[in-house]
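Listed below, chain by chain, are the residues.
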Amino acid sequence: SIQLCSSYAMRVLPRNVEYQISQTYAWFSHSTLRQQNYKQLYETINVGEAPLKILQLSDTRWLAVSACLNRVLDQYEELRLHFQLAKDKDRSYSAEIVFQMYSDPVNKLYLLFLQPPWSKRQTE
């Protein structure tokens, strides 16, 4: 039943939330240069800590959706900054669209809403 509820919730929420997560994964999935740039930025902000890999969004497994949401939420501000730098430096339209999504506080609220209660960070 939880799987059915979560699948339905993903379908009725705005499509841009799913797009934001899937495009974040796609941005890094085929480019080691982008991954290295993000790693350097993340390590600079978080004093030597390495970022966790962004996971691919799954339509069929709620636990995979949960893990994906957690990774994005844990790195939300770093990802927003990365896409801001990428849109300015690379003049990438894709990065600009994703940056706008990370800059919209409503999108973060949707992600927090989708996050299962058992997987929420202790700092919230």
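Residues numbered from 1 in each chain as written. Predicted model: local features only at pLDDT ≥ 70, side-chain atom pairs only at ≥ 80, totals over all residues. Heavy atoms only, no water.

**A word on unusual backbone geometry**
- Of note in the backbone geometry, V47 takes a positive phi value of approximately 45 degrees without being a glycine.
- Relative to the helices and strands, V47 resides in the loop between α3 (32-45) and α4 (62-74).
- With phi around 50 degrees, R91 is a residue other than glycine that occupies positive phi space.
- Looking at the secondary structure, you find R91 in the loop between α5 (76-90) and α6 (93-103).
- A relative accessible area of 76% places R91 in the exposed class. (Helix = DSSP H or I, 4+ residues; strand = E, 2+ residues; numbered from the N terminus. Buried < 20%, exposed > 50% of the residue type's maximum accessible area, 1.4 Å probe, protein only.)

**With respect to the packing of aromatic side chains**
- Tallied over the full model, the rule gives six aromatic pairs.
- Taken together through their ring pairs, the aromatic side chains of W27, F28, Y38, Y42, Y76, F83 and Y102 make up a single cluster. (Phe/Tyr/Trp six-rings, centres within 6.5 Å; stacked < 30°, edge-to-face > 60°.)

**Details of the environment of L73**
- If you trace the backbone, L73 turns up in helix α4.
- On the accessibility criterion, L73 (2% relative accessible area) is buried.
- Sequence separation between L73 and L112 is 39 residues; the distance between their C-alpha atoms is 7.7 Å.

**Regarding the pattern of salt bridges**
- One pass over the structure, following the stated rule, counts three salt bridges.
- Between E77 and R80 there is a salt bridge; the shortest N-O distance is 3.1 Å. Remark: R80 and E77 occur in helix α5; sequence separation between them is three residues, near one turn of the helix.
- With a closest N to O distance of 2.8 Å, K87 and D88 form a salt bridge. (Salt bridge = Lys/Arg side-chain N within 4 Å of Asp/Glu carboxyl O.)

**Regarding the side chain of Q75**
- Along the chain, Q75 falls in the loop between α4 and α5.
- Judged by relative accessible area, Q75 falls into the buried class, the value being 2%.
- At a separation of 2.9 Å, a polar atom in the side chain of Q75 contacts the main-chain carbonyl oxygen of L52.
- Non-local contacts of Q75, meaning those with residues more than four positions away in its chain, are made with Y38, Y42, P51, L52 and I54. (Polar contact = N/O pair within 3.5 Å; in protein donor to acceptor, adjacent residues only side chain to side chain. Contact = heavy atoms within 4.5 Å.)

**Notes on helix α7 (residues 105-114)**
- Within α7, burial applies to N107, L111 and L114. What you see down the axis of α7 is that its buried residues fit within an arc of 65 degrees, all on one side. Among the exposed residues of α7, those pointing more than 90 degrees away from its buried face are P105, L109 and F113.
- For α7, the N-terminal capping position is held by D104, with its side-chain oxygen 3.0 Å away from the main-chain nitrogen of V106. (Arc of directions from axis to C-beta.)

**A few points about the packing of helix α2 (residues 15-29) against α5**
- Viewed as axis vectors pointing N to C, α2 and α5 meet at an angle of 65 degrees, and their least axial separation amounts to 13 Å. Two packed elements cross with a definite hand, and for α2 against α5 that hand is left-handed. Along its contact with α2, which presents Q20, T24, W27 and F28, the element α5 presents Y76, L79, H82, F83 and A86.
- Residues belonging to the contact of α2 with α5 are distributed by class as follows: six nonpolar, three polar and no charged. (Axes fitted to C-alpha atoms, helices over the stretch in contact; angles between N-to-C directions. Left-handed = near helix turned anticlockwise from the far one by under 90°. Nonpolar A, V, L, I, M, F, W, Y, C, P; charged D, E, K, R; others polar.)

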